[in-house]
Amino acid sequence: MDNERLQILLKENHPFHIYSYAKAGSTNTEAERKARSGCPDWSVVVAGEQTAGKGRYRRRWESPAGQGLWFSVVLRPAVAPERINLLNLLTALIVSNFLEEKIAQSSTGKMPAVNLKWPNDILIDGRKIAGILLQSKITSQTVEYLIVGIGININQKQEDFPPELRNTATSLRMVTGKSWNLEELLAQFLVNYYRDVNRAIASDFEGIVPIYERKLIHRGKHVQVKLPAHVIEGEMLGIDEKGYLLLETAEGKRQITAGDLWEIKNGVMK
Ligand code: BTN
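Report on the accompanying structure. (Residues numbered from 1 in each chain as written. Predicted model: local features only at pLDDT ≥ 70, side-chain atom pairs only at ≥ 80, totals over all residues. Heavy atoms only, no water.)

### Some thoughts on the pattern of salt bridges
Within this structure, the stated rule accounts for 12 salt bridges. Between glutamate 100 and lysine 215 there is a salt bridge whose closest N-O contact spans 3.1 Å. Taken together, the residues glutamate 100 in helix 3 (residues 84-106) and lysine 215 in the loop between helix 6 (208-214) and strand 8 (222-226) connect sequence positions 115 residues apart. Residue classification places glutamate 100 among the partly exposed positions, given a relative accessible area of 24%. Put simply, Glu30, Arg33 and Lys34 are held in one network by salt bridges that share partners. (Salt bridge = Lys/Arg side-chain N within 4 Å of Asp/Glu carboxyl O. Helix = DSSP H or I, 4+ residues; strand = E, 2+ residues; numbered from the N terminus. Buried < 20%, exposed > 50% of the residue type's maximum accessible area, 1.4 Å probe, protein only.)

### Some details on the site of the ligand
For the ligand, the set of nearby residues contains 20 residues, the closest of which are Ser26, Gln50, Lys54, Arg56 and Lys128. Take serine 26: an N or O atom from its side chain is 2.7 Å from an oxygen atom of the ligand. Judged by the fraction of its atoms near the pocket grid, the ligand is located in the largest pocket. No other element matches strand 6 (residues 127-139), which puts 4 residues into the shell around the ligand. Residue composition of the shell around the ligand, by class: 6 nonpolar, 10 polar and 4 charged. (Near = heavy atom within 4 Å. Polar contact = N/O pair within 3.5 Å; in protein donor to acceptor, adjacent residues only side chain to side chain. 1 Å grid on protein atoms, 1.4 Å probe; cavity = no way out; pocket = protein on both sides within 12 Å on 5 of 7 lines; lining within 4 Å. Sits in = over half its atoms within 2 Å of the grid points. Nonpolar A, V, L, I, M, F, W, Y, C, P; charged D, E, K, R; others polar.)

### Quick look at the sheet that holds strand 6
Strand order in the open sheet made by the 7 strands is 1-2-3-7-6-5-4, with mixed pairing throughout. Two strands bound the open sheet, and with one partner strand each, they are strand 1 (17-24) and strand 4 (114-117). Direction aside, the axes of adjacent strands within the sheet are offset by 20 degrees on average. Judged from the 10 bridges that link them, strand 6 and strand 7 (residues 142-153) form a sheet pairing that is antiparallel. Following the sheet pairing, alanine 130 is matched in strand 7 by isoleucine 152. Contacting strand 3 (68-75), strand 4, strand 5 (121-124), strand 6 and strand 7, helix 3 crosses the sheet at an angle of about 150 degrees to strand 6. Packed on one face of the sheet, helix 5 (residues 182-202) meets strand 1, strand 2 (43-50), strand 3 and strand 7 and runs near 30 degrees to strand 3. (Pairing = 2+ DSSP bridges. Axes fitted to C-alpha atoms, helices over the stretch in contact; angles between N-to-C directions. Contact = heavy atoms within 4.5 Å.)

### Things to note about the nonpolar core
Formed by 64 residues in total, the largest nonpolar core has its most connected members in Phe71 and Ile122. Sort the elements by how many residues they give to this core and helix 3 lands first, with 12 residues. Other than its neighbours up to four places away in sequence, isoleucine 122 contacts Ala92, Val95, Ser96, Leu99, Val114, Asn115, Leu116, Arg127, Lys128, Ile129, Ala130 and Ile132. (Core = buried A, V, L, I, M, F, W, Y, C linked by side-chain atoms within 4.5 Å.)

### A short note on the side chain of asparagine 153
On the secondary structure map, asparagine 153 appears in strand 7. On the basis of relative accessible area, asparagine 153 is assigned to the buried category, the value being 4%.

### Overview of the environment of lysine 242
By secondary structure assignment, the location of lysine 242 is in the loop between strand 9 (231-239) and strand 10 (245-249). Accessibility expressed as a relative area gives 34% for lysine 242, which makes it partly exposed. Considered as a pair, lysine 242 and phenylalanine 205 are 37 residues apart in the sequence and their alpha carbons are 9.7 Å apart. Among residues more than four places away in sequence, those in contact with lysine 242 are Glu82, Asn85 and Leu86.

### Concerning the packing of aromatic side chains
Per the counting criterion, the structure on display carries 7 aromatic pairs. Residues phenylalanine 98 and phenylalanine 189 carry aromatic rings whose centres are separated by 5.5 Å and whose planes lie at 80 degrees to one another, so their mutual orientation is edge-to-face. Highlighted residues: phenylalanine 98 in helix 3 and phenylalanine 189 in helix 5, separated in sequence by 91 residues. For the pair shown, phenylalanine 98 and phenylalanine 189 are each scored as buried. Where phenylalanine 189 meets tyrosine 193, the ring centres are 5.4 Å apart and the plane angle is 20 degrees; that geometry is what we call stacked. Residue phenylalanine 189 and its partner tyrosine 193 are both found in helix 5; the two are separated by 4 residues, about one turn of the helix. Tyrosine 193 shares its class with phenylalanine 189; the two are buried. A connected cluster of aromatic rings, assembled from ring pairs, spans Phe16, Trp42, Phe71, Phe98, Phe189, Tyr193 and Tyr194. (Phe/Tyr/Trp six-rings, centres within 6.5 Å; stacked < 30°, edge-to-face > 60°.)

### Let's talk about helix 2 (residues 27-36)
Counting buried residues along helix 2, 7 of its 10 residues qualify, which places the element largely inside the surrounding structure. Among all positions in helix 2, only Thr27, Asn28, Glu30, Ala31, Glu32, Lys34 and Ala35 are buried. Buried residues along helix 2 sit against strand 1, strand 2, strand 3, strand 6 and strand 7. Positive phi shows up at glycine 38, right after helix 2, with a value of about 90 degrees.

### Considerations on the side chain of serine 72
Relative to the helices and strands, serine 72 resides in strand 3. The residues touching serine 72, leaving out its near neighbours within four places in the chain, are Thr27, Asn28, Ala31, Ser43, Val44, Val45, Ile147, Val148 and Gly149.

Function cannot be read off these values alone, since they describe shape.
Pasting the structure below:
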């Protein structure tokens, strides 16, 4: 990541505090360190490469040099802790809109389907292109800080992914057939993200859920969700106004706050 180029692309008077590294363990870990020592709202930690990129559920996030956007934004929003879920969904929505815009600008053919897998995976034609890892610090019902870690696969070719991801992952390059400048993409994304997050906070997240639901891949499908102690199964009804998942199970309607989800088709995991 070329910090000088990024600063030029962001132009003067931008609201971000950029910490750019060629290599980091995990930008989330680094961002959390900075947040704990008092860094300002809209600090952004970005790395060209992560050696210990973290995914949800303690998974590893492949973050090779120069092939993707690996960054974490420190937010100190004046919102109630119960809004964090909506901010998580909103982030996925903003990433998916951004990718859609880039694909539309660069291709003349058929637009691929850009979908969301609850809560915050971004899929293109069923393959994962981006993920979000949100960490939060809450003290006495106040959000002290949020770390929004975003990983977007940009310039990988299919063979660049490790064999176990080759059939389930994709990148912007695989979708559009061209490689992309990472600094340009990051500068454009951050400007959109700042605008959309501030708008959403100002309107108390009004209207976000129905827009998110339109892109939700498993709506109406039979799914299983892994919870800390057990697995719950049912038809995905949608998302409630808090951003929680609604499932119709054999025991009735259930509201799920967090979990790892997959589809069941003809009794088989998909
Ligand atoms: C997931 O889908 O499991 C979440 C992936 C999040 C990856 C990003 S890359 C930048 C930031 N730093 C990390 O270590 N993880 C997030």
